[in-house]
Amino acid sequence: MKLRWSRPLTLLPALALTLGFATAPASADAPTVRSGWNNFSCKPSAAHPRPVVLAHGTLGNSVDNWLGLAPYLVARGYCVFSLDYGQLPGVPLFHGLGPVEASAGQLATYVDRVLAATGTQKVDIVGHSQGAMMARVYLKFHGGADKVNTLVGLAPDNHGTDLDGLTRLLDHFPGAKQYLSKLTPGLTDQIVGSDVLNRLNEGGDTVPGVHYTVIATKYDEVATPYRTAYLDGPDVHNILLQDLCAVDLSEHVAIGLADPVAFHETANALDPAHATPTTCLNT
């Protein structure tokens, strides 16, 4: 049966704001290059020899999700690239709604493009929310382990989310979960206990050879409980923002969009040899 998209898709912008997955888009136009990133003529320096690929969160896109972090990293000498993934037909700007497995395939293609353009052997990836969890699918099932040095997750839902218990309500509405799975599989793939998450975490959270940093906030209202972000493995650094700055009030969106503490710790993870202490005063 052919799905009718018009009515449900008109609700997606409201859903984005209600669930807090992403900020409102900067404009109604298609995303464009901002502040020096997505420059495919950029060649990594000796100081920062790997390009950085940014993977947005659910209902985000390659520009709006990174208006803070991308210029921050460019100003520090990194070649920075960001992709759009998980697009649905007829839905502009609000991405990350397609199946996570397919999105991981898109990331694989994009990483290969960045490697070819920059002449490098490996990239580092920074993902916000689904972007970090989806990147782990790429590492485990799409050949990414040999092409990625470091994965940094900002408020990732590595073990699924219950949306503060709201997802459990789906069981009380017959057909609701199946309906969401058909319309927006990228959402249901992130619910605790999904097939994608079970496969991803079976046998261990990490793959050999990749350095993992997870940056979480106890005020996360989307990836809940916030400890769902944490990974277990031999090369994992789990960080809680409030352990670095007790007065940091960033929640799920702000940690990826505008939080200087998270940004500084991201830079530390990308260049641990030159890491500096992270405090409330970082800019």
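Only a predicted model underlies this, so the values are computations on that prediction, with no experimental measurement involved. (Residues numbered from 1 in each chain as written. Predicted model: local features only at pLDDT ≥ 70, side-chain atom pairs only at ≥ 80, totals over all residues. Heavy atoms only, no water.)

## Some words on the environment of leucine 244
Worth spelling out the cut-off: What counts as a helix is a DSSP run of H or I of at least four residues, what counts as a strand is a run of E of at least two, and both are numbered from the N terminus. A 1.4 Å probe rolled over the protein chains alone gives each residue an accessible area, and that area as a share of the maximum for its type sets the label: buried under 20%, exposed over 50%, partly exposed in between. Working rule for contacts: check all heavy atoms of both residues, and any pair within 4.5 Å makes them a contact.
Its location among the elements puts leucine 244 in helix α9 (residues 241–244). According to the relative accessible area criterion, leucine 244 is partly exposed, its value standing at 28%. For the pair formed by leucine 244 and threonine 279, sequence separation is 35 residues and the distance between their alpha carbons is 5.8 Å. Excluding anything up to four places from it in sequence, leucine 244 contacts Ile239, Val261, Glu265, Thr278, Thr279 and Cys280.

## Quick notes on the state of the cysteines
Covalent bonding between the sulfur atoms of two cysteines defines a disulfide. The test is simple: Here, a disulfide means two cysteine sulfur atoms that sit within 2.5 Å of each other.
All chains considered together, the criterion is met by two disulfides. Residue cysteine 42 pairs covalently with cysteine 79 via a disulfide, S to S 1.9 Å. Residues cysteine 42 and cysteine 79 are joined by a disulfide whose S-S torsion is about -80°; by sign, that bridge is left-handed. A residue pair is termed long-range when its members are at least 10 positions apart, and cysteine 42 in the loop between α2 (12–19) and β1 (52–55) and cysteine 79 in the loop between α3 (69–75) and β2 (80–83) qualify at 37 residues. Across the disulfide, cysteine 245 is cross-linked to cysteine 280 (sulfur-sulfur distance 2.0 Å). Disulfide cysteine 245 to cysteine 280: torsion about the S-S bond roughly 110°, handedness right-handed. Taken together, the residues span a long stretch of sequence, with cysteine 245 in the loop between α9 and α10 (252–257) and cysteine 280 in the segment after α11 (260–270) at a distance of 35 residues. Of the residues examined, cysteine 245 reaches a relative accessible area of 4% and is grouped as buried. Assigning the bonded cysteines of the chain consecutive numbers by sequence position, one obtains the connectivity 1-2, 3-4.

## A word on the layout of surface pockets
The probe, sized like a water molecule, is rolled over the atoms to show the empty space still left. Here is the rule: Both cavities and pockets are sets of points on a 1 Å grid over the protein atoms alone; in a cavity a 1.4 Å probe fits but cannot get out, in a pocket the set is open with protein on both sides within 12 Å along at least five of seven lines, and lining residues sit with an atom within 4 Å of a point. Grid points are joined across faces, edges and corners, and a volume is the space filled by probe spheres set on the points.
If you add up the space inside the second largest pocket, you get close to 190 Å³. Lining the second largest pocket we find 14 residues, and of these Thr213, His237, Asn268, Ala269 and Pro272 sit closest to its centre. Listed by contribution, the elements that provide at least two residues to the lining of the second largest pocket are β4 (148–154), β5 (211–216) and α11. Broken down by element, the residue count for the lining of the second largest pocket peaks at four residues, all from α11.

## With respect to helix α4 (residues 100–118)
Filter applied, for reference: For a helix, the expected span equals 1.5 Å multiplied by the residue count minus one.
Compared with the 27 Å implied by 1.5 Å per residue over 19 residues, the 27 Å span of α4 between its first and last C-alpha is a close match. If you check which residues of α4 are buried, you get Val100, Ser103, Ala104, Leu107, Ala108, Tyr110, Val111, Val114, Leu115, Ala117 and Thr118. On its buried face, α4 sits against β1, β2, β3 (123–128), α5 (130–141) and α8 (195–201). Two residues or fewer past α4, glycine 119 is found with a positive phi of approximately 70°.

## A closer look at unusual backbone geometry
Following threonine 224, the chain continues into proline 225 via a peptide bond in cis, with omega recorded as -10°. Turning to its location among the elements, proline 225 is positioned in the loop between β5 and β6 (236–240). Look at serine 129: it is not a glycine, yet its phi comes out positive at around 60°. When you line up the elements, serine 129 lands in the loop between β3 and α5. Here serine 129 falls in the buried class, since its relative accessible area comes to 1%. Phi angles above zero are rare outside glycine, and alanine 155 is one such case at about 50°. Note on placement: alanine 155 falls in the loop between β4 and α6 (176–183). Judged by relative accessible area, which is 1%, alanine 155 ranks as buried.

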